Amino acid sequence: MTRDEIIDYWLTSAKKDYKAMGVLFRNGHYIWALFLGHLVIEKTLKAAYVKHISANIPYTHDLVKIAEKAKLELTELQKNLLDEITTFNIKARYPDFKGRFYKKATRKFTERYIVKIKELRKWLIQKIKT
């Protein structure tokens, strides 16, 4: 695969997850919507990594690490947001975190993060296009 094909793979996969995130949110599956939000950002970051660094993506789910390895200049606010979104990957999957996360992931909480995920995704796609 060419570098452009790999980038397209990650962005296409992220776009599918983005759509599913919206469906899950609308149907009240908030922790899974946030889990997919994490995947949307992770895959988009991996596309940025391929674009700017190498086709050999880092094998991690830690969004800050991927962004730093991709040489993206992040604000502290963006780093904090990426750290928080990274926790959605763990909290949605593991039973000891899942119970507490169900209580925390209300409609309002989830909606607030989905808005942030959408904005971050848009920013990342702009970085990939430049």
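Calculation rules
- Residues numbered from 1 in each chain as written.
- Predicted model: local features only at pLDDT ≥ 70, side-chain atom pairs only at ≥ 80, totals over all residues.
- Heavy atoms only, no water.
- Axes fitted to C-alpha atoms, helices over the stretch in contact; angles between N-to-C directions.
- Helix = DSSP H or I, 4+ residues; strand = E, 2+ residues; numbered from the N terminus.
- Parallel < 35°, antiparallel > 145°, perpendicular 65-115°, else oblique.
- Left-handed = near helix turned anticlockwise from the far one by under 90°.
- Nonpolar A, V, L, I, M, F, W, Y, C, P; charged D, E, K, R; others polar.
- 1 Å grid on protein atoms, 1.4 Å probe; cavity = no way out; pocket = protein on both sides within 12 Å on 5 of 7 lines; lining within 4 Å.
- Points joined across faces, edges and corners; volume = space filled by probe spheres on them.
- Buried < 20%, exposed > 50% of the residue type's maximum accessible area, 1.4 Å probe, protein only.
- Contact = heavy atoms within 4.5 Å.
- Salt bridge = Lys/Arg side-chain N within 4 Å of Asp/Glu carboxyl O.
- Phe/Tyr/Trp six-rings, centres within 6.5 Å; stacked < 30°, edge-to-face > 60°.
- Lys NZ or Arg CZ within 6 Å of the ring centre and 35° of its normal.

Visitor: Account for the packing of helix H1 (residues 3–26) against helix H2 (residues 30–52), with residues named and values stated.
Guide: Where H1 meets H2, the closest approach of the two axes is 8 Å, and the angle between their N-to-C directions is 165°. As the angle between them shows, H1 and H2 are arranged roughly antiparallel. Considering how the two elements wind past one another, H1 and H2 form a crossing that is left-handed. Of the residues belonging to the contact of H1 with H2, the class tally is 18 nonpolar, 3 polar and 5 charged.

Visitor: With reference to specific residues and values, describe the layout of surface pockets.
Guide: Roughly 210 Å³ of volume is contained in the largest pocket. If you go around the largest pocket, the residues you meet are Thr75, Leu77, Gln78, Asn80, Leu81, Glu84, Tyr113, Lys116, Glu119, Leu120 and Trp123. Elements with a minimum of two residues in the lining of the largest pocket: helix H4 (76–91) and helix H6 (107–129). Class assignment of the residues belonging to the lining of the largest pocket gives a composition of 5 nonpolar, 3 polar and 3 charged.

Visitor: Requested: an account of the side chain of Asn89, with residues and values cited.
Guide: Mapping Asn89 onto the fold places it in helix H4. Asn89 sits in the buried class, given a relative accessible area of 6%. When residues no more than four places from it in sequence are discounted, the contact partners of Asn89 are Phe35, His38 and His61.

Visitor: Can you tell me about the pattern of salt bridges, naming the residues and giving the values?
Guide: Tallying each qualifying case throughout the model produces 4 salt bridges. Its salt-bridge partner being Asp17, residue Lys43 comes within 2.6 Å of it at the nearest N-O pair. Of this pair, Lys43 sits in helix H2 while Asp17 is found in helix H1, placing the two residues 26 residues apart along the sequence. Given a relative accessible area of 15%, Lys43 falls into the buried group. Of the charged contacts in the structure, one is a salt bridge between Lys46 and Glu42, with a shortest N-O distance of 2.8 Å. Of the two residues, Lys46 and Glu42 both sit in helix H2, 4 residues apart, roughly one turn of that helix. You'll find Lys46 and Glu42 in the same group, each marked buried.

Visitor: Can you tell me about the environment of Ile7, naming the residues and giving the values?
Guide: Within the secondary structure, Ile7 is located in helix H1. When the C-alpha atoms of Ile7 and Ala55 are compared, they prove to be 8.5 Å apart, with 48 residues separating the residues in sequence. Ignoring anything within four residues of it in the chain, the contact list for Ile7 reads Ala47, Val50, Lys51 and Ile128.

Visitor: I'd like a rundown of the packing of aromatic side chains, residues and numbers included.
Guide: According to the stated counting rule, one finds 6 aromatic pairs in the structure shown. Geometrically, the ring pair formed by Phe88 and Tyr113 is edge-to-face, given 5.2 Å between the ring centres and 90° between the ring planes. Of this pair, Phe88 sits in helix H4 while Tyr113 sits in helix H6, placing them 25 residues apart in sequence. Each of the two residues, Phe88 as well as Tyr113, counts as buried. Ring geometry for Phe109 against Tyr113: centres 4.9 Å apart, planes inclined by 45°, an arrangement best described as tilted. Linking Phe109 with Tyr113, this pair stays in helix H6, spanning 4 residues, or about one helical turn. One exposure class covers both Phe109 and Tyr113, and it is buried. Directly above the ring of Tyr113 sits Lys116, whose terminal nitrogen or CZ lies 4.9 Å from the centroid. The positively charged end of Arg121 is found above the aromatic ring belonging to Tyr18, 4.0 Å away from the centroid.

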